[in-house]
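Working through the structure, step by step
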Amino acid sequence: MSVTQTRTLVAPGTTSRRGRPARHYDPSRRRSLLLTILLWLCVLYFVLPLWWLFVSATKDNSTLFSTFGLWFGPQLSLWDNLQTLFTIRGGLFTRWLINTVVYSVTAAFGATLLSAMAGYAFAKYEFPGKKVLFSATLGAIMIPLTALALPTYLLFSRAGLTDTPWAVIIPSLVSPFGVYLMRVYAADAIPDTLIEAARVDGAGEFRTFWQVGLRLLGPGLVTVFLFSLVATWNNYFLPLIMLNTSDLYPITVGLAQLQAAASAGGGTQALFSTVITGSFVSILPLIIAFLFLQRYWQSGLATGSVKG
């Protein structure tokens with residue numbers, strides 16, 4: 001007799017084998033009012049700032065502070081704000097946007113590849129010092145990036161790489177959390193028998209990883225890529241201490257310097273709406289990236305939920 005009990009759906013009014021009235025399964029009863037309220041509060045917590053940013057981007061400097069923050073003003077100034085944003089200082093914002101895309105995409109691809117290789121090695125190989133190295137990787141996750149800013153700056157200054165794009169890209173290639181995530185994912189997603197079969201067929205270790213292992217790590221790769229992309233895109237402190245030339249600034253540092261320069265001028269050139277519009281434009285590529293890459297998450301979850 002099996003110890004596993006299965007729940008069956010019964011019609012209302014029927015009785016169980018023990019003589020007790022059988023409980024009719026009603027999906028609506030599983031809904032929790034408190035849980036629903038908490039979920040809606042979480043939705044508002046994440047959506048309201050985006051809504052405020054979009055609404056504020058449609059206002060000029062005069063109506064930005066004189067109207068309700070979560071609704072539009074008497075006239076829409078989004079197009080004028082965009083024109084000012086992309087023409088101020090000779091169109092320097094376009095340069096900042098291109099820099100941010102280059103830094104983020106390059107760092108995200110590099111961090112994803114290195115994390116996949118390291119995670120695959122930790123999951124599928126046995127070598128001396130494996131536990132010590134993996135423990136050091138886990139410990140690196142708990143170290144805040146600001147604590148490493150000064151040593152990183154001194155190291156790159158000694159190498160003559162400060163005020164160059166490499167000063168932003170190279171530190172962003174290191175992702176301890178990505179290594180940990182890929183190690184956990186590769187341990188379950190890549191069967192050892194499949195690796196052994198590739199070796200029997202004459203495939204080398206690099207070819208096995210590139211043509212067999214890497215293809216099975218799709219959802220994990222997308223996760224690490226998005227995390228690295230967002231982290232580099234939103235990074236402010238590292239470019240601030242590494243870069244001195246305004247033409248090399250990313251959006252985060254550029255908008256902050258633009259607002260600081262306007263404030264230092266005694267308020268003669270108020271750029272509040274311009275900076276807010278730049279912030280709104282800066283998040284659009286991230287939203288597009290999430291909407292485009294989420295299908296790989298869904299396909300990966302659906303694939304892993306069914307076992308033959």
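Because the structure is a prediction, the values reported are computed rather than measured.

Below, the discussion takes up the overall build of the chain. Within the chain, the secondary structure is distributed over 14 helices and 0 strands. Per-residue burial over the chain gives 31% buried out of 308 residues. In the chain, the proportion of contacts linking residues at least 24 apart, taken out of those at least 6 apart, comes to 67%.

Under the local residue numbering, the UniProt record ascribes the feature "transmembrane region" (unreviewed entry) to residues 33-54, 101-123, 132-154, 166-186, 216-236 and 270-293. For residues 132-154, helix accounts for 70% and strand for 0%, while the C-alpha atoms at its two ends are 27 Å apart. Secondary structure within residues 270-293 divides into 92% helix and 0% strand; the distance between the first and last C-alpha atoms comes to 38 Å.

One can find Ser 77 in the loop between α2 (61-64) and α3 (78-87). Taking relative accessible area as the criterion, Ser 77 reaches 5% and is therefore assigned buried. Apart from the residues within four sequence positions on either side, Ser 77 is in contact with Ala 57, Thr 58, Lys 59 and Asp 60.

Looking now at the packing of helix α4 (residues 92-124) against helix α8 (residues 176-189). Relative orientation of the contacting elements α4 and α8 amounts to 50°, with a least axis distance of 7 Å. Here α8 runs oblique to α4, going by the angle between their axes. When you trace α4 past α8, the crossing you get is right-handed. Counted together, Ser 115, Ala 116, Ala 118, Gly 119, Tyr 120, Phe 122, Ala 123 and Lys 124 of α4 and Gly 178, Val 179, Met 182, Arg 183, Ala 186 and Ala 187 of α8 form the full contact between these two elements. Counted by class, the contact of α4 with α8 contains 9 nonpolar, 3 polar and 2 charged residues.

The subject of this paragraph is the nonpolar core. Nonpolar side chains tend to gather and get buried jointly when the protein is soluble and globular. In terms of nonpolar packing, the biggest core is built from 32 residues, with Phe 93, Trp 96, Leu 229 and Leu 243 touching the most fellow members. Put simply, the parts of the chain that give this core at least two residues each are α4, α7 (166-172), α11 (218-233), α12 (237-242), α13 (251-264) and α14 (272-304). Once residues lying within four places of it in the same chain are set aside, the contact partners of Trp 96 are Ser 246, Tyr 249, Pro 250, Ile 251, Gly 254, Leu 255 and Leu 258. In terms of nonpolar packing, the next biggest core, distinct from the first, is built from 11 residues, Tyr 120, Ala 186, Ile 190 and Val 224 among them.

This next bit is on the pattern of salt bridges. By the definition in use, this model includes 4 salt bridges. A salt bridge links Glu 196 to Arg 199, with the shortest nitrogen-to-oxygen separation between them at 3.1 Å. Within this pair, Glu 196 and its partner Arg 199 are both found in helix α9 (residues 192-200), separated by 3 residues, close to a single helical turn. Each of Glu 196, Arg 199 and Glu 205 takes part in one network of salt bridges that share partners.

The description of two aromatic rings rests on the distance between their centres and on the angle between their planes. Taken as a whole and judged by the stated rule, the model has 17 aromatic pairs. When the centroid spacing of 6.2 Å and the interplanar angle of 40° are considered together, the rings of Trp 51 and Trp 71 count as tilted. Taken together, the positions of Trp 51 in helix α1 (residues 33-57) and Trp 71 in the loop between α2 and α3 put the pair 20 residues apart, joining distant regions of the chain. A residue is classified by how much of its surface remains accessible, and Trp 51, at 31% relative accessible area, is partly exposed. On the basis of relative accessible area, Trp 71 is assigned to the exposed category, the value being 52%.

Definitions and cut-offs
Residues numbered from 1 in each chain as written. Predicted model: local features only at pLDDT ≥ 70, side-chain atom pairs only at ≥ 80, totals over all residues. Heavy atoms only, no water. Helix = DSSP H or I, 4+ residues; strand = E, 2+ residues; numbered from the N terminus. Buried < 20%, exposed > 50% of the residue type's maximum accessible area, 1.4 Å probe, protein only. Contact = heavy atoms within 4.5 Å. UniProt positions renumbered as here; feature names shortened; annotations may be inferred. Axes fitted to C-alpha atoms, helices over the stretch in contact; angles between N-to-C directions. Parallel < 35°, antiparallel > 145°, perpendicular 65-115°, else oblique. Left-handed = near helix turned anticlockwise from the far one by under 90°. Nonpolar A, V, L, I, M, F, W, Y, C, P; charged D, E, K, R; others polar. Core = buried A, V, L, I, M, F, W, Y, C linked by side-chain atoms within 4.5 Å. Salt bridge = Lys/Arg side-chain N within 4 Å of Asp/Glu carboxyl O. Phe/Tyr/Trp six-rings, centres within 6.5 Å; stacked < 30°, edge-to-face > 60°.

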